[in-house]
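Remarks on the overall topology
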Amino acid sequence: MSKKQNLTLAILLSNLFIAFLGIGLVIPVLPTLMNELNISGSVVGYMVAAFAITQLIVSPIAGRLVDKIGRKIMIVVGLFIFGLSELLFGFGRSVEVLFISRMLGGVSAAFIMPAVTAYIADITTLSQRPKALGYMSAAISTGFIIGPGIGGFLAEFGTRIPFYSAGILGFFAAIFSIVLLKEPTRASDDEESAPSMLGSVKRIFSPLYLIPFVLIFVLSFGLAAFESLFSLFVDHKFAFTPSDIAIIITGSGIVGALAQLLLFDGLIKKMGEINLIRVSLVLSAVLTFAMTFVSHYFAILFVTFFIFVGFDLIRPAVTSYLSKIAGNEQGFVGGMNSMFTSLGNIFGPILGGILFDINLNYPYYFATIVLALGVILALFWKKPNHIEI
């Protein structure tokens, strides 16, 4: 890729990172919000899931708008909506306003994600695209993981400071995108031909795609259930402060990112995507269960760090696998990746919040079961004979 393409890709990935950063910012301040507004764990779960529900609903509409009115305008509008949603959350003093804020955040992600996916498809060749989509996956994961850490550190200066900061950041990103991004030349129709809605549904159940799509859901469910309830879990069980939570989540994000940068390529060459996914799922399931009985601060730190290593290796491995088998269906694969990620982000916090109100260990028991089912499913996964994986 040229320097100009690399700069454009960096801007696109930064915008995506900012959008998914907004999901995680709320997590460290949830215990404080629970006390301020006198709300239950299940309401917190619904609040976290409201983002993903709205994203899921709006994504098909946004995807069509991306093709009709252009990539750049959808990214810019999405960033402005993101900035508005974060400021609204900062100013909100009622549960209803906070829900509206999270729903606007979901709209912003629905606008930005397909626009960035399409933009990347427009500026890359088929040989360049898998690597670029891997970067895109890393931007999403990193934003989702680091968000709570940044939120926790900023919350030391005031519970609402993280959201004011994110709102301003969103507006600046929108302005930079207006100045620095240009509407790309569209990819050729034969490369990016979009299947009909019915055709897309049928393709989901293709033996080629079904297991990796389900595993994307399992990964997103496990990560969302673990992370969205983590702050409540350690606050109720160990009386951790927002800064304690921020240190653990940020450290975990850094360790996971380093594992992705330093180990991923070597592990893929030695093990292949499917075997790496199997091992990472086992690691994530075992450590999620271990979270229910560790009690020492450094034990919690250790377990959390390595859980995120497992999660951070699964997503790019699945994305890499899908990019190899997708051929000319990169757009379809990107859309389905977004959809199954959203579904996991919806059900993980909702079920986790409900179970948390019963017993604070139950969300992690249930996440362990879901991840274990993912392990079993992955054991039946076989690579296509005509694809080199």
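Residue numbering note: each chain is counted from 1, following its sequence as written. Since the coordinates come from a predicted model, pLDDT governs what is reported: local features require at least 70, and pairs of side-chain atoms require 80 or more to be given and counted, while whole-chain, interface and lining totals use all residues. Only heavy atoms go into the side-chain values, all of them from the structure, while hydrogens and water stay out.

Our working rule: UniProt positions are given in the numbering used here, feature names are shortened, and annotations may be inferred rather than shown by experiment.
As annotated in an unreviewed UniProt entry, the protein chain is Multidrug efflux MFS transporter NorA from Lysinibacillus xylanilyticus. Per UniProt, the protein chain carries the Subcellular location (unreviewed entry) text "Cell membrane". Regarding the protein chain, the UniProt comment filed under Sequence similarities (unreviewed entry) reads as follows: "Belongs to the major facilitator superfamily. TCR/Tet family."

**Observations regarding the overall build of the protein chain**
Applied cut-off: Secondary structure follows DSSP: runs of H or I at least 4 residues long count as helices, runs of E at least 2 residues long count as strands, and numbering of each begins at the N terminus. In this analysis, two residues are considered to be in contact whenever any of their non-hydrogen atoms come within 4.5 Å of each other.
Check the secondary structure of the protein chain and you find 15 helices and 0 strands. Looking at the protein chain alone, contacts between residues at least 24 apart form 86% of all its contacts between residues at least 6 apart.

**Brief notes about helix H15 (residues 362-379)**
Note the threshold: Given a helix with a known number of residues, its expected span is that number minus one, times 1.5 Å. Categorising residues by exposure relies on relative accessible area from a 1.4 Å probe, with only protein chains included: less than 20% of the type maximum marks a residue as buried, more than 50% marks it as exposed, and the intermediate range marks it as partly exposed. By definition, the arc is the one covered by directions from the helix axis to the C-beta atoms.
Its 18 residues give H15 an end-to-end C-alpha distance of 26 Å, which sits within 8% of 26 Å, the value for a rise of 1.5 Å per residue. Here H15 has its buried residues at Pro363, Tyr364, Ala367, Thr368, Val370, Leu371, Gly374, Val375 and Ala378. Buried residues of H15, seen end-on, are gathered within an arc of 165° and therefore sit on one face of the element. In H15, the exposed residues that point more than 90 degrees away from the buried face are Leu373 and Leu379.

**A closer look at the pattern of salt bridges**
Two side chains carrying opposite charge are able to pair once their charged atoms lie near each other. Let me state the cut-off plainly: Here, a salt bridge means any side-chain nitrogen of Lys or Arg that lies within 4 Å of a carboxyl oxygen of Asp or Glu.
Applying the stated rule across the entire model yields 2 salt bridges. The salt bridge partner of Glu36 is Arg160, with a shortest N-O separation of 3.1 Å. Here Glu36 is found in helix H2 (residues 30-37), whereas its partner Arg160 is found in the loop between helix H6 (129-155) and helix H7 (161-180), with 124 residues between them in sequence. On the accessibility criterion, Arg160 (8% relative accessible area) is buried. Between Asp122 and Arg71 there is a salt bridge, with the nearest N and O atoms lying 2.7 Å from each other. Note that Asp122 is positioned in helix H5 (residues 95-123) and Arg71 in helix H4 (residues 71-91), a separation of 51 residues in sequence. Overall, the relative accessible area of 6% leaves Arg71 in the buried class.

**With respect to the environment of Gly158**
Within the secondary structure layout, Gly158 lies in the loop between H6 and H7. Taking C-alpha positions, Gly158 is 9.8 Å from Val29, a pair spaced 129 residues apart along the chain.

**Some thoughts on the packing of aromatic side chains**
Stated formally: Classification of ring pairs rests on two measures: the distance between centres of Phe, Tyr or Trp rings, Trp counted by its six-membered ring, which must be within 6.5 Å, and the angle between planes, read as stacked under 30 degrees, edge-to-face over 60 and tilted in between. Both a distance and an angle decide whether a charge sits over a ring: NZ of Lys or CZ of Arg must be within 6 Å of the ring centre and within 35 degrees of the ring normal.
The final tally for this structure, using the stated rule, is 21 aromatic pairs. Ring centres of Tyr297 and Phe298 lie 5.5 Å apart, and the angle between their planes is 90°; on these two criteria the pair is classed as edge-to-face. A ring pair is formed by Tyr362 and Tyr365, whose centres lie 6.1 Å apart and whose planes are at 40°; its orientation type is tilted. Here the residue Tyr362 and the residue Tyr365 both occupy positions in helix H15, the gap between them amounting to 3 residues, near one helical turn. Just above the ring of Phe89 sits the side chain of Arg102; from NZ or CZ to the centre is 5.6 Å.

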